[in-house]
Amino acid sequence: MTIKYLFMLGFLSVFQISQGQEEDEAKRNYDFHLLVGSSVSDTYFSFTNETESDTEPGVGISVGIGTALNLSKTFYLTLDYVLRLRRSKDIYFDNNFNLYYLSFPGALNIRVNKILDIAFGPQVEIILFTNGNDRKDGEMFSHSLEHRNLGIHLGPIIHLSEKSSIALKYFAGLNNIGINYEGLYREFRIKSFGLRYSYRF
């Protein structure tokens, strides 16, 4: 059974076979896809749980790969591995920050019709490193983080062809990520809206 799926996967990107619905579903039971996208993120810095500083959203980029597993005609699961750059600015201190994440969004996807899917699920992110236009503040900011971010994402997926699609995605961080310490930028939440292009092979 495993050899059969590997054989079909190897020829998926070369041949387009039309042999009926059941055979097509078996061929597409498991596949990979490439991802590239951009998002506008806002990082709500805070000094305490009750007070937030003024921020400006920033535009970031992302690239990655993903896997998809069909559960039925209506449902399928996806798990992506994404290198993501988020940008944000603290207006009060006039400092721009770049946040580099390794992101793992998982989703349950619902096929509405041949063109439209709906996706939603959890997203875990690990901070690789950060920097800012002020080196001292950037280093302090990086060392103050717990280096993880947890949230949920949802949005529609529009199929452009059998292999390519675009997705609109809203992400909301559920947790304040920061270490309680005496200093600046104790914690923050992330909210973002993005556009992603995917190509299946």
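In case you missed it, the structure is sitting above this.
Everything numeric in this text was worked out from a predicted model, so none of it was measured.

**Student:** Outline the pattern of salt bridges, supporting the account with residue identities and numerical values.
**Tutor:** Across all of its chains, the model carries 5 salt bridges by this definition. Two residues, Glu 125 and Arg 86, come together in a salt bridge whose shortest N-O distance is 2.7 Å. Of this pair, Glu 125 sits in strand 5 (residues 116-132) while Arg 86 is found in strand 3 (residues 75-90), placing the two residues 39 residues apart along the sequence. Looking at Glu 125, the relative accessible area reads 0%, which means it is buried. The structure contains a network of salt bridges with shared partners spanning Asp 31, Glu 162 and Arg 200.

**Student:** Report on the side chain of Glu 125, specifying residues and quantitative values.
**Tutor:** Here the side chain of Glu 125 touches Arg 84 through a polar contact of 3.2 Å, side chain to side chain. Within the local environment of Glu 125, its side chain forms a polar contact with the side chain of Gln 123, the two groups lying 2.8 Å apart. Residue contacts for Glu 125: discarding those within four places in its chain leaves Arg 84, Arg 86, Tyr 101, Leu 102, Ser 103, His 147, Arg 148 and Asn 149.

**Student:** Go over the packing of aromatic side chains with me, naming the residues and quoting the values.
**Tutor:** Tallied over the full model, the rule gives 2 aromatic pairs. Ring plane angle 20° and centroid distance 6.2 Å describe the contact between Phe 32 and Phe 201, whose orientation is recorded as stacked. Of the two residues, Phe 32 sits in strand 1 (residues 30-46) while Phe 201 sits in the segment after strand 8 (187-200), which places them 169 residues apart along the sequence. Judged by relative accessible area, which is 28%, Phe 32 ranks as partly exposed. Between the aromatic rings of Tyr 81 and Phe 104, the centroid separation amounts to 6.1 Å while the plane-to-plane angle is 85°, which identifies the pairing as edge-to-face. Note that Tyr 81 is positioned in strand 3 and Phe 104 in strand 4 (residues 95-111), a separation of 23 residues in sequence. A residue is classified by how much of its surface remains accessible, and Tyr 81, at 37% relative accessible area, is partly exposed. Geometry around Tyr 101 places Arg 86 over its ring, the cationic atom sitting 5.9 Å from the centre.

Rules used in this analysis
Within each chain, residues carry numbers counting from 1 in the order of the written sequence. For a predicted model such as this one, the threshold for reporting local features is a pLDDT of at least 70, and the threshold for listing and counting side-chain atom pairs is 80 or more; totals across whole chains, interfaces and linings nevertheless cover every residue. Only hydrogens and water are set aside; all other atoms, that is, all heavy atoms of the structure, feed into the side-chain values. In what follows, salt bridge is the name for a side-chain nitrogen of Lys or Arg lying within 4 Å of a carboxyl oxygen of Asp or Glu. By the criteria applied, helices consist of DSSP H or I runs no shorter than four residues and strands consist of E runs no shorter than two, each listed in order from the N terminus. Working definition: with a 1.4 Å probe on protein chains only, accessible area under 20% of the residue-type maximum means buried, over 50% means exposed, and in between means partly exposed. By the criterion applied in these results, polar contacts are pairs of N or O atoms within 3.5 Å in which, for protein atoms, one can donate a hydrogen and the other can accept it, and in which residues neighboring in sequence qualify only through two side-chain atoms. By the convention used here, residues are in contact when the closest approach between their heavy atoms is within 4.5 Å. Side-chain rings of Phe, Tyr and Trp (the six-membered ring for Trp) are treated as a pair once their centres are within 6.5 Å; stacked means planes under 30 degrees apart, edge-to-face means over 60, and tilted covers the remaining angles. When the NZ atom of lysine or the CZ atom of arginine is within 6 Å of a ring's centre and also within 35 degrees of its normal, the charge is said to sit over that ring.

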